[in-house]
Number of protein chains: 2
Amino acid sequence: MTATMTAPAKAKRAPVPLHGVDTPTLLATINAVGDQPELANFKFRAKNRWVSGTHSQSTMYGFYGAGGEQEHVLPFKADGDHPNVLCGADAGPTPVEWVLHALATCLTAGIANIAAARGIRLSRVESTVEGDIDLLGIFGLSDEVRNGYQAIRVSFEVEGDASPEQLEQIVMQSRARSAVFDIITNGVPVAIDVKTPAIA
Amino acid sequence: MTATMTAPAKAKRAPVPLHGVDTPTLLATINAVGDQPELANFKFRAKNRWVSGTHSQSTMYGFYGAGGEQEHVLPFKADGDHPNVLCGADAGPTPVEWVLHALATCLTAGIANIAAARGIRLSRVESTVEGDIDLLGIFGLSDEVRNGYQAIRVSFEVEGDASPEQLEQIVMQSRARSAVFDIITNGVPVAIDVKTPAIA
């Protein structure tokens, strides 16, 4: 037995709500899922409807999780389109910009949760996400150029009640637990099914 | 020399605008890029600002492409948040739902462009995109569960002035040239940089 082993346990900091994160409830939720892992199975959905040209609109409302069907507070709607320079009507961000938005919101939510769990109050989190794409791929003008982004860069500015090292560690922990970072960097299998109902 | 070689060339159908796609301009744009491939280098961006808790908001406005800086018709704004059941304020779709929206809008825009280029008029395109995710990953409760989606399914319903086979082929060609399908299925390297400005 060593001195370390007999030393009194480090006092456990009681979690408190911080910068909009209900830390006690968040930690209790994670503990509850640990006891009942089937609660962690989620299915998220977007329902999309073509409008005209390259413009379409999605609705994100129902999803499955925590053991049953859930609904957002309201049906969130969002548009997607190609910009004028690519012959679209520019009725919304491009599909590839939505990917960048997904990544930014995922990493930022994680940063806020992780900081709160560590008792660190944040005052500002801003980021710019930029992706490089060579349209020779999607235009079918080159078989050597991929269709999607070749690289994505995320630049964070984070301010809070902690050292620069602690703030950086929060961002890196968010990256390590980010769903969208994993999706984008590691890929996901996608199955596509087509129905072509007869026209009346 | 064979009969086939001396047969008259198949009459080339002149492209016409269809269902909101300015097909002549689209094809002319692709030809122009073929002559000047540097026009195909694009950089898309999302600028994100943390609001509170897991809620953040992105602005998608400026991007680089076609040889210079471009702007959307207006600064598009979009929120992201975690739902109540995951201790968020549900101020917007979840980051992982935004990924599904990106995929739906990309495939749908491609379907409309490709159908127009083939002279096929579409009357309806709807899709549901669903992704399976096990939150044991992002909660840090299992090292064997990935953080992101395990699988994504896209179900299209497509109606238009063509045979079921032709309509299916349009969807499959859109998949073959979709930027977001490529990003999600094949992955993209993501670099993250953190600045921690001193607090005044």
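Residues numbered from 1 in each chain as written. Chains lettered and ligands numbered in written order. Predicted model: local features only at pLDDT ≥ 70, side-chain atom pairs only at ≥ 80, totals over all residues. Heavy atoms only, no water.

**A look at the interface of chain B and chain A**
On the chain A side, the residues contacting the 131 residues of chain B number 131 residues. Across the interface of chain B and chain A, roughly 11300 Å² is buried in total on both sides, 64% from carbon and sulfur atoms. The largest share of the area that chain B buries against chain A comes from Phe44, Trp50 and Arg177 of chain B, three residues that together contribute 7% of it. The partner of Asp143 of chain B in a salt bridge is Arg177 of chain A, with the nearest N and O atoms 3.8 Å apart. A per-element tally of the side of chain B that touches chain A places helix 3 (residues 95–117) of chain B first, with 17 residues. Class assignment of the residues belonging to the side of chain B that touches chain A gives a composition of 68 nonpolar, 40 polar and 23 charged. (Contact = heavy atoms within 4.5 Å. Buried area = accessible area lost by both parts, 1.4 Å probe. Salt bridge = Lys/Arg side-chain N within 4 Å of Asp/Glu carboxyl O. Helix = DSSP H or I, 4+ residues; strand = E, 2+ residues; numbered from the N terminus. Nonpolar A, V, L, I, M, F, W, Y, C, P; charged D, E, K, R; others polar.)

**Overview of helix 3 of chain B**
Over its 23 residues, helix 3 of chain B runs 33 Å from end to end, which matches the ideal 33 Å to within 8%, given 1.5 Å per residue. Buried residues dominate helix 3 of chain B, accounting for 22 of its 23 residues. (Expected span 1.5 Å × (residues − 1). Buried < 20%, exposed > 50% of the residue type's maximum accessible area, 1.4 Å probe, protein only.)

**Some remarks on the environment of Glu130 of chain B**
Checked against the element boundaries, Glu130 of chain B lands in strand 4 (residues 122–134). Between the C-alpha atoms of Glu130 of chain B and Tyr149 of chain B, which are 19 residues apart in sequence, the distance is 9.7 Å. With sequence-adjacent residues up to four places away left out, Glu130 of chain B is seen in contact with Lys43, Phe44 and Arg45 of chain A together with Leu100, Ala151, Ile152 and Arg153 of chain B. Engagement of the side chain of Glu130 of chain B in a polar contact is seen with the side chain of Arg45 of chain A, the distance being 2.6 Å. (Polar contact = N/O pair within 3.5 Å; in protein donor to acceptor, adjacent residues only side chain to side chain.)

**Overview of the relation of the copies chain B and chain A**
Superposition record for chain B on chain A: RMSD 0.0 Å, screw rotation 180°, translation along axis 0.0 Å. The operation mapping one copy onto its partner corresponds to a two-fold rotation axis. Within chain B, the C-alpha atom positioned nearest to the axis of rotation is that of Gly187 of chain B, 2.2 Å from it. Most of the interface of chain B is mirrored in chain A, where 100% of its interface residues again form contacts. (Least-squares fit on C-alpha atoms with pLDDT ≥ 70 in both.)

**Focus: the state of the cysteines**
On inspection of all chains with the given rule, the structure shows zero disulfides over all chains. Counting only cysteine sulfurs, Cys106 of chain B is the nearest neighbor of Cys87 of chain A, a cysteine outside any disulfide, at a range of 15 Å. (Disulfide = S-S within 2.5 Å.)

**Describing the pattern of salt bridges**
Oppositely charged side chains can form a pair if their charged atoms are brought close together. Per the stated rule, a full pass over the model turns up 22 salt bridges over all chains. For the salt bridge of Arg153 of chain B with Asp132 of chain B, the shortest nitrogen-to-oxygen distance reads 2.8 Å. Of this pair, Arg153 of chain B sits in strand 5 (residues 151–160) while Asp132 of chain B sits in strand 4, placing them 21 residues apart in sequence. The exposure class of Asp132 of chain B is buried, given its relative accessible area of 15%. Residues joined by salt bridges that share partners form a network here, namely Lys43, Arg45 and Glu69 of chain A together with Glu130, Asp132 and Arg153 of chain B.

By themselves these figures say nothing about function.
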